[in-house]
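Below are the chains, spelled out letter by letter.
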Amino acid sequence: MEPGALKLLPPDPGDEGTQRCRLGPAVLSWLGARLGSPLRISLPGGCCVCTAWPRHDLADGFVQADPTCSTAGLAPQALRGLSLGVRQLQLLPHRQLGKAAVRVVLRSAALKKSTPRAVLQETIRELLRNVYVLPHYVVAVAPSPENPVVHVEILSTDSLAEEAGLITPQTSIKIKEVITLEWYRHLSEGTAKTSVAGLDDVRKSLKEMIALPLRFPKTFKKLGLSVPRGVLLIGPPGVGKTLLVKAVAEEVGAFLFGVSGPALHGSRPGEGEENLRRVFEKGREMSQEGPTILFFDEIDSLCPKRGSSNNAPEDRIVAQLLTLLDGVRSEGKMVIVAATNRPDALDPALRRPGRFDREVIIGTPTVTQRRSILQLLTSNMPISADVDVAELAEMTPGYVGADLTALCREAALQAVSHSSLDSAETETRINMGDFQEAFKKIQPSSFRSAVGLTECKPVTWEQIGGLEDVKLKLKQVFRQARANTPAIIFLDEIDSILGSRSHGRSGRGVSERVLSVLLNELDGVGLKVTERRGGKLQLEGQCQEQSDEEERKLEFQETFNKDFMVVAATNRPDMLDDALLRPGRLDKMIYIPPPDLKGRLSILRICTEKIPLDTDVSLQDVAALTDLFSGADIENLCKEAALLALQENGLEATAVKHEHFVKSLKTVKPSLNVKDLEFYEKFYNQELGS
């Protein structure tokens, strides 16, 4: 008869480190286990190998196991409070081992240097004596001051598969590797990869910069190429710089050692420099065991520009970091990576060749990249069929990865809030309405610090009466802008911002300085503010294989990648500086004339769409009476006629009559005149001819 469930209890204090498994007589009999026979216990977090021993009280229904030899990652907490079936205990065949290969894990790198190999070999032999092991299992060692060993991992044995091997004094034990506990924990971490969407090109470039020097340092040295030791990531907050470094570190199998700038500063003089030296010493120790990435996040807070009289501690830290960067050995396996969203705040000495000489720029995600990010974020979310990820990507210009994450989280909260109100709903799903509500709370972080941003109410082409030729030209201009990116800078009443240098004191006034800045910015449209040096690592032979056409594409790829279009409006074009209107700046001029009869009729229909009109109202006649009226004048005329109807009939007014429009024409006058129109046409024709 099969015994019942067994309650798992912690081992007796006297059994710790002995690999014993205490069982009742019924289970021992059912398993057919003799005293000291090896058993494998299958647990939720892994397995352990123990030897069968009877309980002192001979009570059935309990099991006490010492997990001295277990699979990697099995925590002692997994042996408490569980209920096991007897089939989770398996009697293993066994034999004495002739040889075994092991990996030794020490507490620290200092012990690794100070412990002789012969002493370590004898210590391992003593620790593993009379222990049953399986390949890829780990033997834990009780901590003690005189013992530097923490774990012994069994790499291979000469036993058969599913056969427990007993290590005896005659077993030949070969130490294949000695590592520290910190590096062992890095190797034992889960295999789950950090997911990064929309940054494939940047990820590939960063991986090349980090992986090639770590894998082929001697090859670089033979070819006479400088091995990059420092990489600087530049991008706005929330774009994914830190996440990208973690993903690349996992991909290349490197140990990621993160450094926080504020944690390095100390209260006493010189403490910050001392902490920085310890960080680099720790990185060098880790690089002796494998590839290591030393990552400084928000490095601008640690190393601002030097020269100010009140930041002497920061100046000393910058000087110390420069010295440490120069001292990084080219044959080591350590790469220093830093991230910042304020590259101009960094000390220039950090960005010279030999230090952070490789720079990777991560910009605000494009619509394609936003679509990839949203697909990743919504992959595990219960979204409705009406949620179009492509449409969401179109609706989120300026949103970085962190903004999109917050948007999806807010949409999920909206869905939960709605489902809590509807008790009949069985399953909560996120629909497009939830995302629409989330847009009201989550704004793009890249726009939050922008000065002069104005929220524009959407206006359709149908809301603009007449001006068909002008609308066609504007559509072409904005279609060109959308082909590049949806960002458009609109400078309304530009004549009030900028003046002509010929109308004032040259170089003296504020407007002249603003004009100079704008001219420089217009000339720089399409150029990246921060220079990118060394986007890819290429060997000399690879560079020679590239065709001239490919080199030209790479050369002009960033130079002419325009990010936005500038549109300006003015009613005083004569006040603008000539340099502003030359080709290459505001080089496309569109003249918007006053509405003609057809245009005025169209504007009247739009303005009276929500106004109840009497049957005697002829919009055609009103349009004929409004010569030289602008669109704003016509809108004002319609409002005035509606007010007259209310004044005459009060709340009983039901419609606006033709006489109300006639009376309004006596008070509402056109804002345009023939002289101004002749001036605009003459100016436009001159500019068009030139």
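1. Some words on the packing of aromatic side chains
Enumeration according to the criterion identifies six aromatic pairs in this entry. Ring centres of Phe679 and Tyr680 lie 5.6 Å apart, and the angle between their planes is 55°; this geometry places the pair in the tilted category. Taking the ring centre of Trp53 as reference, the NZ or CZ of Arg20 above it sits at 4.0 Å.

2. Brief notes about the nonpolar core
If you look at the biggest cluster of nonpolar residues, it comprises 36 residues, and the most contacted ones within it are Phe280, Leu294, Phe296, Ile299, Leu321 and Ile336. With six residues, helix 10 (residues 312–326) is the single largest residue contributor to this core. Beyond its immediate chain neighbours, meaning those up to four positions away, Leu321 contacts Leu276, Phe280, Phe296, Ile299, Cys303 and Leu350. Counting residues in each nonpolar core, the second largest holds 27 residues, with Cys47, Val133, Val152 and Val178 among its members.

3. So, the sheet that holds strand 9 (residues 94–96)
Ordered by their spatial adjacency, three strands build an open sheet running 9-14-11, and the pairing between neighbours is mixed. Of all strands in the sheet, those with a lone pairing partner are strand 9 and strand 11 (132–133), marking the two edges. In terms of strand pairing, strand 11 meets strand 14 (residues 164–166) through two bridges, oriented antiparallel. Its bridge partner lying in strand 14, Tyr132 is registered against Leu166.

4. Some words on the side chain of Thr292
In this fold, Thr292 is placed in strand 18 (residues 292–297). The buried category is assigned to Thr292, whose relative accessible area is 0%. Side-chain polar atoms of Thr292 contact the backbone oxygen of Met286, separated by 3.4 Å. At 3.2 Å, the side chain of Thr292 forms a polar contact with the backbone nitrogen of Ser287. Non-local contacts of Thr292, meaning those with residues more than four positions away in its chain, are made with Trp183, Ala254, Phe255, Gly283, Met286, Ser287, Lys333, Met334 and Val335.

5. What to know about helix 11 (residues 367–378)
For an α-helix the count is 3.6 residues per turn, leaving residues at separations of three or four pointing the same way. A rise of 1.5 Å per residue sets the reference length of helix 11, with its 12 residues, at 16 Å; its end C-alpha atoms lie 16 Å apart and thus fit the reference within 8%. For helix 11, the set of buried residues is Arg370, Ile373, Leu374 and Thr378. The buried residues of helix 11 occupy one face: seen down the axis, they fall within an arc of 120°.

6. Let's talk about the packing of helix 20 (residues 597–607) against helix 22 (residues 631–649)
Orientation of helix 20 relative to helix 22, taken along the N-to-C sense of each, is 45°, at an axis distance of 10 Å. In terms of axis orientation, helix 20 runs oblique to helix 22. Read as a crossing pair, helix 20 and helix 22 show a hand that is right-handed. Contact with helix 20, carried on its side by Arg600, Ile603, Leu604 and Cys607, involves Gly631, Ile634, Glu635 and Cys638 of helix 22 and no other residues of that element. Residue composition of the contact of helix 20 with helix 22, by class: five nonpolar, one polar and two charged.

7. Structural notes on helix 7 (residues 241–252)
Its 12 residues give helix 7 an end-to-end C-alpha distance of 17 Å, which sits within 8% of 16 Å, the value for a rise of 1.5 Å per residue. Residue Gly253 follows helix 7 closely and has a positive phi angle near 75°.

8. A look at the sheet that holds strand 19 (residues 334–340)
An order of 17-18-19-16-20 is seen for the five strands of this open sheet, with the pairing classed as parallel. Strands at the two margins of the open sheet, each flanked by one partner only, are strand 17 (255–260) and strand 20 (358–361). Put simply, the sheet's adjacent strands are angled 20° from each other on average, direction ignored. As paired elements, strand 16 (residues 230–234) and strand 20 share four bridges and run parallel to each other. Among the inter-strand pairings, Val231 is bridged to a residue of strand 20, identified as Arg358. Lying over the sheet, helix 7 contacts strand 16, strand 17, strand 18 and strand 19, oriented at roughly 175° with respect to strand 18. Packed on one face of the sheet, helix 9 (residues 271–287) meets strand 17, strand 18 and strand 19 and runs near 155° to strand 18.

9. Structural notes on unusual backbone geometry
One non-glycine residue, Gln19, lies in positive phi territory at about 70°. Assignment of secondary structure puts Gln19 in the loop between strand 1 (6–9) and strand 2 (20–23). You will see that Leu58, though not glycine, has its phi angle at about 55°, which is positive. Of note, Leu58 is situated in the loop between strand 4 (46–54) and strand 5 (62–65). On the basis of relative accessible area, Leu58 is assigned to the exposed category, the value being 54%.

What counts, and where the lines are drawn
- Residues numbered from 1 in each chain as written.
- Predicted model: local features only at pLDDT ≥ 70, side-chain atom pairs only at ≥ 80, totals over all residues.
- Heavy atoms only, no water.
- Phe/Tyr/Trp six-rings, centres within 6.5 Å; stacked < 30°, edge-to-face > 60°.
- Lys NZ or Arg CZ within 6 Å of the ring centre and 35° of its normal.
- Core = buried A, V, L, I, M, F, W, Y, C linked by side-chain atoms within 4.5 Å.
- Buried < 20%, exposed > 50% of the residue type's maximum accessible area, 1.4 Å probe, protein only.
- Helix = DSSP H or I, 4+ residues; strand = E, 2+ residues; numbered from the N terminus.
- Contact = heavy atoms within 4.5 Å.
- Pairing = 2+ DSSP bridges.
- Polar contact = N/O pair within 3.5 Å; in protein donor to acceptor, adjacent residues only side chain to side chain.
- Expected span 1.5 Å × (residues − 1).
- Arc of directions from axis to C-beta.
- Axes fitted to C-alpha atoms, helices over the stretch in contact; angles between N-to-C directions.
- Parallel < 35°, antiparallel > 145°, perpendicular 65-115°, else oblique.
- Left-handed = near helix turned anticlockwise from the far one by under 90°.
- Nonpolar A, V, L, I, M, F, W, Y, C, P; charged D, E, K, R; others polar.

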